[in-house]
Amino acid sequence: MGNLLKVLTREIENYPHFFLDFENAQPTEGEHEVWNQVNSVLQDSESILTGLQAYKGAGQEIRDAIQNPNDMSLQERAWNSVCPLVIKLKKFYSFSLRLEDALKSLLESLTCPPLTPTQHLEREQALAKQFAEILHFTLRFDELKVCYTQINTPALPHCELTEDCLDVLMQMRIPAIQNDFSYYRRTISRNRINNMNLDIENEVNNEMANRMSLFYAEATPMLKTLSTATTNFVTENKTLPLENTTDCLSTMASVCKVMLETPEYSSRFSSEDTLLFCMRVMVGVIILYDHVHPNGAFTKSSKIDMKGCIKVLKDQPADNVEGLLNALKFTTKHLNDESTPKNIRTMLQ
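Source: prediction; values computed, not measured.

S.K.: When you look at the pattern of salt bridges in this model, what are you seeing that I'm missing?
M.R.: Pairing between side chains becomes possible if they bear opposite charge and their charged atoms approach one another. By the definition in use, this model includes 12 salt bridges. Across the pair E100 and K104 runs a salt bridge, and its minimum N-O distance is 3.8 Å. Taken together, the residues span about one helical turn, with E100 and K104 both in helix α5 (residues 72–111) at a distance of 4 residues. Note on E100: relative accessible area 17%, which makes it buried. Accessibility expressed as a relative area gives 18% for K104, which makes it buried. Across the pair E261 and K257 runs a salt bridge whose closest N-O atoms are separated by 3.0 Å. A residue pair is termed a helical-turn pair when its members lie 3 or 4 positions apart in one helix, as E261 and K257 do in helix α12 (residues 242–261) at 4 residues. Take K257: its relative accessible area is 10%, and that puts it in the buried class. Taken together, the shared-partner salt bridges connect K257, E261 and D305 into one network.

Written out as structure tokens, the structure reads:
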């Protein structure tokens, strides 16, 4: 406990020694049950990202079919192109539901009495690492989703959530994922293609299609899922003080910030990728905190040092953090509140 307090208070006489081991933390006996449950979800996360990165919409096939409504070969070609994509989109959506359950399990473990959230994070580092891995996955998924919900824009194959990327996307009439899915729903409802793989409705019925449509309509669907899940966790656990959840988030943000800005800690990472991992986690917990705490993360009374966190990001190479800074700008809830200090807004301009 003392070591973590040193990290958070940055006492000069007692140089901080607490290190949240994002690379090597292993579950203790008491963590194993929850860790195994969450691990069964996380072990599929890379395949989800790979699938999204490889996603190629059926934009050309759909345009050909729409422009030639009487050419049944083009109708069939478009339909056969869209159906496997819809199955893939269902897989991504279903994974978000599994991720939501995993997050709730971790929050239950990391906020339950009698330990404080700070004690939980220090003693249950394997669960803290899994919490971090969920946040890391979430931001990566949403960055890819932003960049791949587009029609034939090869100039932006690997962009993050940059302003240039957002400007281009704002000019798009129909993003690729929504375009594919809209064509699927229109075709199903009109039943224009008789007996052509319509058994796909057993996989994606109307109710599932409605839920998927709402999910993909979000600019950052995974982050929205986690924000809603965290808010619901607080609402559903009325006997658990709100501070238990917000303190868990603010402590994680503070520890990440200190590890990033303190060479003694950052030098212990064996890979530079862990630095980016740590930055993503810091931004992710800030966003969750901002959605869950009634006053948000940006007020002077916030337990998160927003000025320090933003400075840590800005001290990194611009290519590594532009997407993260824009995530703070575009996906937080309270940044533009009157209670947000002007210097914080200026830092994010």
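On we go from here.
S.K.: When you look at the side chain of T118 in this model, what are you seeing that I'm missing?
M.R.: Here T118 lies in helix α6 (residues 117–123). The exposure class of T118 is buried, given its relative accessible area of 12%. There is a polar contact of 3.5 Å between the side chain of T118 and the side chain of T251.

S.K.: Sorry, what's going on with the packing of aromatic side chains here?
M.R.: Working definition: an aromatic ring pair is given by the centre-to-centre distance plus the angle between the planes. Evaluated as defined, the whole model comprises 8 aromatic pairs. A ring pair is formed by F22 and F277, whose centres lie 5.2 Å apart and whose planes are at 65°; its orientation type is edge-to-face. With F22 in the loop between α1 (2–9) and α2 (32–42) and F277 in helix α14 (residues 272–292), this pair connects stretches of sequence that are 255 residues apart. Comparing F22 with F277 shows no difference in burial state: the two are buried. Seen in terms of ring centroids, F92 and F141 are 6.1 Å apart; in terms of plane orientation they differ by 80°. Their pairing is edge-to-face.

S.K.: Can you help me understand α14 in this one?
M.R.: For an α-helix the count is 3.6 residues per turn, leaving residues at separations of three or four pointing the same way. Compared with an ideal rise of 1.5 Å per residue, which puts 21 residues at 30 Å, α14 spans 31 Å between its outermost C-alpha atoms and is within 8% of the ideal. Burial analysis of α14 places 16 of its 21 residues in the buried class, which makes it a mostly covered element.

Thresholds, definitions, all that
- Residues numbered from 1 in each chain as written.
- Predicted model: local features only at pLDDT ≥ 70, side-chain atom pairs only at ≥ 80, totals over all residues.
- Heavy atoms only, no water.
- Salt bridge = Lys/Arg side-chain N within 4 Å of Asp/Glu carboxyl O.
- Helix = DSSP H or I, 4+ residues; strand = E, 2+ residues; numbered from the N terminus.
- Buried < 20%, exposed > 50% of the residue type's maximum accessible area, 1.4 Å probe, protein only.
- Polar contact = N/O pair within 3.5 Å; in protein donor to acceptor, adjacent residues only side chain to side chain.
- Phe/Tyr/Trp six-rings, centres within 6.5 Å; stacked < 30°, edge-to-face > 60°.
- Expected span 1.5 Å × (residues − 1).

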